[in-house]
Amino acid sequence: MALVPFVSSAEDEPIWNKYLWQKYLESGEISKWLSSRWLLVECYFYRRIKQIFESSYAFKLYDPFRVQKEHLLESKLADLKILADYTVQILENLPKEKILRVWSHFSKFLKITLWGNHYDLSRPVQGTVEDVKILQNLDELDSHILIDDSEEIWKTLHANESNNTIDFVNDNAGYELFCDLCLADFLCTSLLAKKIQFHVKLMPWFISDATVDDFNWLLHVIAQNSQVVPSFSVLSVRWKNYLDSGIWILKNEKFWTLPIAYNEMKSWDTKLYEDLSNSTLILFKGDVNYRKLLADKNWPTTEYFKSVLQSFHPTNLAVLRTVKCEIICGMKSEEAENLSAREPDWMLSGNYAVIQFDRHEIVKNETKF
Ligand SMILES: O=P(O)(O)OC[C@@]1(O)O[C@H](CO)[C@@H](O)[C@@H]1O
């Protein structure tokens, strides 16, 4: 069965169809469900679901995954409260803290948002996501972080003093998004960030990816529970203030729901590439973003992160990802083989993670936007 072109008045239709046409020209045949690249087929599948609703009058904006996403967040409300209490307590004392302690908080918030990526509905265990108590088990989880470039990220943010713009390319709604917002709050309160842009999805995507509605709904849920959870009230007021004052900006560009690898972003969406180039740091979250950074290729596991990014170097960038599919880079020699011998499914289990960083270096003849 073929991946037929889209018939839609949506703004992403021409670019989707141009991409499918280009694949046809490259291979000489129409892309098919069973023989095309995994990334293309998966993205096409979710875009196709969107098209079904798009063409209906009453269900144009319907999100078929909303119930699942709401259920996941509701089932995690107790953990949200624990994290909210922790965040409020740390941030209240932050101005008095010494720099070394601020670093240790930074590293903790990074790890919290890293493991938040575990809560992804595209790979549920028997209909629900297997629970890990992130905050309570943070230190034990350290041995499962295979690559940790947190210090490099910290140095980069410090080098630019308090002038940083940070871009989050978010992943899952609900608990993971809540972790992202706690990190973002930490970055603003500690003056490591002056402005933060969140990039969420334009349409329901990979079941639990966050959309603008999910973002607003999360804020609504914590505001609604403010009476009973005082830390929700603190965060809810502060986060609304960040958004109202333009310190936090919410975006949902069409590029994130295209099947295009990031090394091709500059030619397919120059404006987005330019916008990201003005940032101090881009934080990519999750497995699919990782796949797009690596152009979904099976690189040698020891290949440098910088080289797998190919031509994608808009600015400093980092990826925080729990490992859920069989591609990875930047590992030490024989590390992957040793892990495979011990735990054959380590690349699929989501029990391992990476924090990888690429420092931006201006290369000769590069146009810096
Ligand atoms: O991007 P996320 O939320 O971390 O992961 C999404 C995911 O579950 O979906 C894909 C399979 O459909 C895999 O790449 C990955 O395991």
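A brief structural summary. Computed from a predicted structure; not experimentally measured. (Residues numbered from 1 in each chain as written. Predicted model: local features only at pLDDT ≥ 70, side-chain atom pairs only at ≥ 80, totals over all residues. Heavy atoms only, no water.)

## Description of the overall build of the protein chain
Across its full length, the protein chain holds 15 helices and seven strands. Relative to its length of 369 residues, the protein chain is compact, with a C-alpha radius of gyration of 20 Å against a globular reference of 21 Å. With the C-alpha coordinates aligned to their principal axes, the bounding extent of the protein chain is approximately 65 × 55 × 45 Å. Expressed as a percentage of its 369 residues, the buried residues of the protein chain come to 56%. Relative to all contacts within the protein chain whose residues are 6 or more apart in sequence, the contacts with residues 24 or more apart total 78%. Per element, the accessible surface of the protein chain, about 16800 Å² overall, is 55% carbon and sulfur. When the 41 positive and 51 negative side-chain charges of the protein chain are each reduced to one mean point, those points stand 4 Å apart. (Helix = DSSP H or I, 4+ residues; strand = E, 2+ residues; numbered from the N terminus. Rg over C-alpha atoms; globule rule 2.2 N^0.38 Å. Buried < 20%, exposed > 50% of the residue type's maximum accessible area, 1.4 Å probe, protein only. Contact = heavy atoms within 4.5 Å. Areas by Shrake-Rupley, 256 points an atom, 1.4 Å probe, with all protein chains shown as cover. Lys, Arg positive; Asp, Glu negative; His and termini not counted. Charge placed at Lys NZ, Arg CZ, Asp CG, Glu CD.)

## Describing the sheet that holds strand β3 (residues 195-199)
Overall, mixed pairing links the seven strands, which are arranged β1-β7-β6-β5-β2-β3-β4 in an open sheet. At either end of the open sheet lies a strand with only one pairing partner, and these are β1 (145-148) and β4 (248-251). Adjacent strand axes in the sheet meet at a mean angle of 15°, parallel and antiparallel pairs treated alike. The pairing of strand β2 (residues 165-169) with strand β5 (residues 281-285) spans four bridges and is classified as parallel. Across the sheet, I166 pairs through a bridge with L281, a residue of β5. In this fold helix α5 (residues 99-116) packs onto β1, β5, β6 (316-322) and β7 (353-358), with an angle of close to 55° to the strand it touches most, β6. (Pairing = 2+ DSSP bridges. Axes fitted to C-alpha atoms, helices over the stretch in contact; angles between N-to-C directions.)

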